[in-house]
Every structure is written in structure tokens, then in C-alpha cells.
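Reading the structure
Spelled out, the chains give:
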Amino acid sequence: KAGVTQTPRYLIKTRGQQVTLSCSPISGHRSVSWYQQTPGQGLQFLFEYFSETQRNKGNFPGRFSGRQFSNSRSEMNVSTLELGDSALYLCASSLVLAGDSEQYFGPGTRLTVT
Amino acid sequence: DAKTTQPNSMESNEEEPVHLPCNHSTISGTDYIHWYRQLPSQGPEYVIHGLTSNVNNRMASLAIAEDRKSSTLILHRATLRDAAVYYCILRAPASNTGNQFYFGTGTSLTVIP
């Protein structure tokens, strides 16, 4: 069974631009979560989707948004990029949305904002 | 949201057992205890989880205190491939709002050959 895939793997953008990152969950998984990882802040939760509905949202500005499609694939968008948005963006999928669900992570998208 | 406290770093000799502690004094009765690890240049990887009873799988064992305010991840024989950052996380049931994973800073495990 294929794992979680994220595209693109690397991205360089300029301040002020916007970016869209994509995540394909493991087949059959219906929940997708997004995280931002930076050396200074560690792993921070962005949002979680289940059955095309956002179920949880982390403490990030409105420039960060996401959505989930009917096939469970998810995208996240960052508008008006800032230098501080440079980070590794990780996507994770789980079978269902439950306290005991295991999350499976993708390799991440490395975003560099210049 | 309940948080966890872990030591910043630990060292272990190769082929010896490793006990990674985690304190979660504000845990609620329905929170699950999860452990993930992140190897260098990779996304986090699921290790184990439990609710009240001790748990074992092929990767590790999870020992949960009777009052559930602390837990210990046990790697029975550390190998060089176990060198990673280990995260202890609490996760509420899906029916609760704000039940997302909070990763914290984790414990960086160094395995000495």
C-alpha cells in the first residue's frame, strides 16, 4: 500500500506570493492533518480534515487555509508569503478521526521563502 | 488541551534498553497517550499508543502509570537506527473539540555504539 505522498517536495517562493501544497493520503484514510515544522518552533499543528470538513485548526493566521476533496486528498494554501513561513510542511493521514487513530506522515514539502 | 513534559535529551548504549519518560499530569480520563519518533530528515513515525493498560508491539513497549499522570516508552534493545527525537503526545477522543496532536519538544535520543 502506498504511503502518504506530498507534492512538491521542494519549493522556493518570493515574499508576497502564494503557494499551494498537495497531500495524497494512504488509500482508505479519511482524515488528513497538516503541520508546520521549523527549527525554532518545532512541530506545530495547522489543521485537520475529515470527510471534507475542517475539524480542528491550530493557532495560525488566516493566510493559512486548507481543504479536503471527496477522494480525501487535501491541499493547503498560504497567501502573502512571509520569510517566517519558510518551513517543512508535513501532512499526515489516519483511517478515521479518533483518539486512538495512528497518523502516518508524508515526507514533507520544504518551502523556502526569499 | 493537555500537554506533556519530556527530557530534552537522553543517551543510551547500543543493545541496551532505553526508558524514555513522559509526564502528563493534566491528562483527562479519555485522553490516549501516543508516542511518535522522527528520524533525521524524515517525517514523524508512529511508535505506539495506549489508554490505561501497558502496551507492547514489535517496536516498543509503553508502560502507563496507574494514575496515568506519567508514562514510559521502552525500547528493549537500542540500535543506531533508534537515534531520533521521540514525542509523547496526548490525544482526546474525536468527539472533543481541540483534540489535535500537540507534539511538544520531544526527547532527542542518542545511541552510542
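What counts and how
- Residues numbered from 1 in each chain as written.
- Chains lettered and ligands numbered in written order.
- Predicted model: local features only at pLDDT ≥ 70, side-chain atom pairs only at ≥ 80, totals over all residues.
- Heavy atoms only, no water.
- Buried < 20%, exposed > 50% of the residue type's maximum accessible area, 1.4 Å probe, protein only.
- Helix = DSSP H or I, 4+ residues; strand = E, 2+ residues; numbered from the N terminus.
- Pairing = 2+ DSSP bridges.
- Salt bridge = Lys/Arg side-chain N within 4 Å of Asp/Glu carboxyl O.
- Disulfide = S-S within 2.5 Å.
- Contact = heavy atoms within 4.5 Å.
- Polar contact = N/O pair within 3.5 Å; in protein donor to acceptor, adjacent residues only side chain to side chain.
- Nonpolar A, V, L, I, M, F, W, Y, C, P; charged D, E, K, R; others polar.

Residue and element names in this part refer to chain A. Side chains Thr109, Leu111 and Val113 of strand 11 (residues 109-113) all project onto a buried face; the interleaved residues Arg110 and Thr112 project onto a face where none is buried. Looking at chain direction, strand 2 (residues 10-13) and strand 11 are connected through four bridges and run parallel. Residue pairing across strands places lysine 13 opposite valine 113, the latter belonging to strand 11. Where strand 9 (residues 87-94) meets strand 11, three bridges bridge the pair, whose relative direction is antiparallel. Bridged to alanine 87 within strand 11 is leucine 111.

Among the secondary structure elements, B:Ser53 is positioned in the loop between strand 4 (45-50) and strand 5 (55-56). Here the alpha-carbon distance between B:Ser53 and B:Glu11, two residues 42 residues apart in the chain, equals 27 Å.

Attention now goes to the pattern of salt bridges. Within the structure shown, the criterion is met by eight salt bridges over all chains. Residues joined in a network through salt bridges with shared partners are A:Arg63, A:Glu82 and A:Asp85.

This next bit is on the state of the cysteines. By the definition in use, this model includes two disulfides over all chains. Disulfide pairing is shown between A:Cys23 and A:Cys91; the S-S distance is 1.7 Å. Taking the sign of the S-S torsion, -55 degrees for the link of A:Cys23 and A:Cys91, the bridge is left-handed. Of this pair, A:Cys23 sits in strand 3 (residues 19-24) while A:Cys91 is found in strand 9, placing the two residues 68 residues apart along the sequence. Taken as a pair, A:Cys23 and A:Cys91 share a single burial class, namely buried. The disulfide that involves B:Cys22 links it to B:Cys88, with 2.1 Å between the sulfurs.

If you look at the interface, chain B gives 19 residues, while chain A gives 18 residues. On the surface where chain B and chain A come into contact, there are one salt bridge. The closest approach of N and O atoms between B:Arg91 and A:Glu48, which form a salt bridge, is 3.1 Å. At the boundary of chain B and chain A, one finds four residue pairs in polar contact (both at pLDDT 80 or more). Secondary structure elements with two or more residues in the side of chain B that touches chain A: strand 3 (32-38), strand 4 and strand 8 (84-91) of chain B. When the residues that make up the side of chain B that touches chain A are grouped by side-chain class, the tally is ten nonpolar, eight polar and one charged.

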